[in-house]
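Chain residues, written in single-letter form:
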Amino acid sequence: MAGVSEIEQMLAEALSAIKSASSIKDLDDIRIQHLSRKGRITSVLKSLKDLPLEKRKEIGAAANKARVTLEQSLKDGLERIRAARPTIAVDPTLPGIRHRVGAIHPLTSVMNRLCEGFIRMGFGVAKGPDLETDYYNFEALNFPPDHPARDMQDTFYVEGGKLLRTHTTPVQVRILEMQKPPVKVIMPGKTYRNETVSARAHCIFHQVDGFLVDEGVTMADLKGALFAFCRYFFGEDVKVKFRTSFFPFTEPSAELDITCFLCKGKGCALCKYSGWLEILGCGMIDPFVLSNVGLDSEKYTGYAFGIGVERIAMLKYGITDIRLFFENDIRFIRQFK
Ligand code: DAH
């Protein structure tokens, strides 16, 4: 049985442990060691009943005093540790942390508006794969092997004989294989060409192709649709003209120019002092393409067009370096809020 001096020894040990405790957990351990149900001081108090009265008084008083002292000391220790913890100053008058509002990438917004112009004229939207076969990208579009027109489109070839599509026009073939006329769709997407990257050209860019195939479609329908689109996209007072051109998959082929929206046709740096801006390629779908997908090219005719999204975005926003679109520099993108 512990005597008074042992109880005092226990207390002294506990007090010195409390002094050097550095965490709440340390204090808890000391409490458990001495004051829990099986703790050292509790055990002394529990065994008092077996002692003769005199001893009981003496040891009981010492043990009780030790318990009270220890409890107070634990309380003080807890306060000391709490006070030593770093406090986080809360100042409710500080201004809030400002979150920057993002902006839609200029290519995305131009792409969306281009599509919207045609969707409003009743065009559906279709997508095709970026990884294409030579057949869809070239052959079905009347680019025979070794045809010089293939040189217009430097191609990335991929292992296994596939290639990265050089335009979105192959989707036209895929759709015409699946859907019977009348068909009227636009086909937005990424396109790839093996070009040296410069301010004017990139190896990755975007196009929106579109076409209509039905009975009795003429060049007048093409003009009507594209003129309406130009008024929607560039404004009511825009003037439009066709210039003859060549694409293997259209006959006749044309390019469409609009009056420069910066100088209104007077001539400026944007239009290289011509007053006109070239904005898309188009034409009547070559009968070869139609019969290739099993359509009767005597019965059906169609028009098609293809727009370069970067070019339109560069013209619209006065961007002089195409590489800016793909660098994702937040200072660039933020300007298009
Ligand atoms: N595919 C052509 C290109 O990438 C653009 C084009 C021209 C698409 C005329 C068409 C079209 O659908 O009819 O240069």
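Residues numbered from 1 in each chain as written. Predicted model: local features only at pLDDT ≥ 70, side-chain atom pairs only at ≥ 80, totals over all residues. Heavy atoms only, no water.

Caption draft 1: Representation of the packing of helix H5 (residues 106–119) against helix H8 (residues 219–234). Orientation of H5 relative to H8, taken along the N-to-C sense of each, is 135°, at an axis distance of 9 Å. Here H5 is positioned oblique relative to H8, judged by the angle of their axes. Viewed along their axes, H5 and H8 form a crossing whose handedness is right-handed. Mapping the contact onto sequence places Val-110, Arg-113, Leu-114, Glu-116, Gly-117 and Phe-118 in H5 and Leu-226, Phe-229, Tyr-232 and Phe-233 in H8. Along the lines of polarity and charge, the residues of the contact of H5 with H8 split into seven nonpolar, one polar and two charged. (Axes fitted to C-alpha atoms, helices over the stretch in contact; angles between N-to-C directions. Helix = DSSP H or I, 4+ residues; strand = E, 2+ residues; numbered from the N terminus. Parallel < 35°, antiparallel > 145°, perpendicular 65-115°, else oblique. Left-handed = near helix turned anticlockwise from the far one by under 90°. Contact = heavy atoms within 4.5 Å. Nonpolar A, V, L, I, M, F, W, Y, C, P; charged D, E, K, R; others polar.)

Caption draft 2: Focus on a positive patch on the surface. Together, Arg-37, Lys-38, Lys-46 and Lys-49 make up a positively charged patch on the protein surface. Structurally, Arg-37 is set in the loop between helix H2 (24–35) and helix H3 (40–46). (Patch = residues over 30% accessible without salt bridge, like charges linked within 9 Å, V, L, I, M, F, W, Y side chains within 5 Å. Areas by Shrake-Rupley, 256 points an atom, 1.4 Å probe, with all protein chains shown as cover. Salt bridge = Lys/Arg side-chain N within 4 Å of Asp/Glu carboxyl O. Lys, Arg positive; Asp, Glu negative; His and termini not counted. Charge placed at Lys NZ, Arg CZ, Asp CG, Glu CD.)

Caption draft 3: Structural view of unusual backbone geometry. Along the chain, Pro-181 connects to Pro-182 via a cis peptide bond; the corresponding omega equals 5°. Summarising the element assignment, Pro-182 is placed in the loop between helix H7 (170–178) and strand S4 (183–192). Following Glu-251, the chain continues to Pro-252 via a peptide bond in cis, the omega torsion being -5°. For Pro-252, the position within the fold is in strand S7 (residues 250–259). At Lys-264, a position not held by glycine, the phi torsion is positive, near 60°. Within the secondary structure layout, Lys-264 lies in the loop between S7 and strand S8 (276–285). One non-glycine residue with positive phi stands out, namely Asn-328, at about 55°. For Asn-328, the location among the structural elements is in the loop between helix H11 (324–327) and helix H12 (330–333).

Caption draft 4: Focus on the packing of aromatic side chains. Counted by the stated rule, this structure contains 17 aromatic pairs. Plain terms: the ring middles of Phe-118 and Phe-229 are 4.4 Å apart, the flat faces sit at 15° to each other, and that makes the pair stacked. Taken as a pair, Phe-118 in helix H5 and Phe-229 in helix H8 lie far apart in primary sequence, 111 residues in all. Neither residue differs from the other here; Phe-118 and Phe-229 are each classed as buried. Taking 5.0 Å as the distance between ring centres and 70° as the angle between the ring planes, the aromatic pair formed by Phe-332 and Phe-336 counts as edge-to-face. There is no split in this pair, since Phe-332 and Phe-336 are both buried. Ring pairs connect the aromatic residues Phe-118, Phe-123, Phe-229, Phe-233, Phe-234, Phe-261, Tyr-303 and Phe-305, which therefore count as one cluster. (Phe/Tyr/Trp six-rings, centres within 6.5 Å; stacked < 30°, edge-to-face > 60°. Buried < 20%, exposed > 50% of the residue type's maximum accessible area, 1.4 Å probe, protein only.)

Caption draft 5: The domain arrangement of the protein, seen in detail. What the domain assignment reports for the protein is domain 1 (4–84) and domain 2 (107–336). One C-alpha centre belongs to domain 1, the other to domain 2, and the line joining them spans 87 Å. (Domains from an automatic or database assignment.)

Caption draft 6: Representation of the environment of Arg-200 within the structure. Mapped onto the secondary structure, Arg-200 falls in the loop between S4 and strand S5 (204–215). Classification of Arg-200 as exposed rests on a relative accessible area of 66%. The spacing of Arg-200 and Thr-320 is 120 residues in sequence and 7.7 Å in space, taken between C-alpha atoms. Filtering out sequence-adjacent residues up to four positions away, Arg-200 remains in contact with Lys-272 and Ile-322.

Caption draft 7: Examining the pattern of salt bridges more closely. What the rule picks out here adds up to 12 salt bridges. Glu-132 is the salt-bridge partner of Arg-174, the closest N and O atoms lying 2.7 Å from each other. One end of the pair, Arg-174, is in helix H7; the other, Glu-132, is in strand S2 (residues 131–132), with 42 residues separating them in the sequence. One salt bridge connects Arg-243 with Glu-255, and the closest N-O pair in it is separated by 3.5 Å. Highlighted residues: Arg-243 in strand S6 (residues 240–247) and Glu-255 in strand S7, separated in sequence by 12 residues. You can call Arg-243 partly exposed: its relative accessible area is 31%. Here Glu-255 falls in the buried class, since its relative accessible area comes to 16%. A single salt-bridge network, built from bridges that share partners, covers Arg-243, Glu-255, Asp-257 and Glu-278.

Caption draft 8: Here's a closer look at the layout of surface pockets. Each pocket or cavity is described by its volume, and for the largest pocket that value is around 1,300 Å³. If you trace the largest pocket, you find 44 residues lining it, with Arg-200, Phe-205, Glu-278, Gly-308 and Arg-311 closest to the centre. Of the residues contributing to the lining of the largest pocket, the split by class is 22 nonpolar, 13 polar and nine charged. (1 Å grid on protein atoms, 1.4 Å probe; cavity = no way out; pocket = protein on both sides within 12 Å on 5 of 7 lines; lining within 4 Å. Points joined across faces, edges and corners; volume = space filled by probe spheres on them.)

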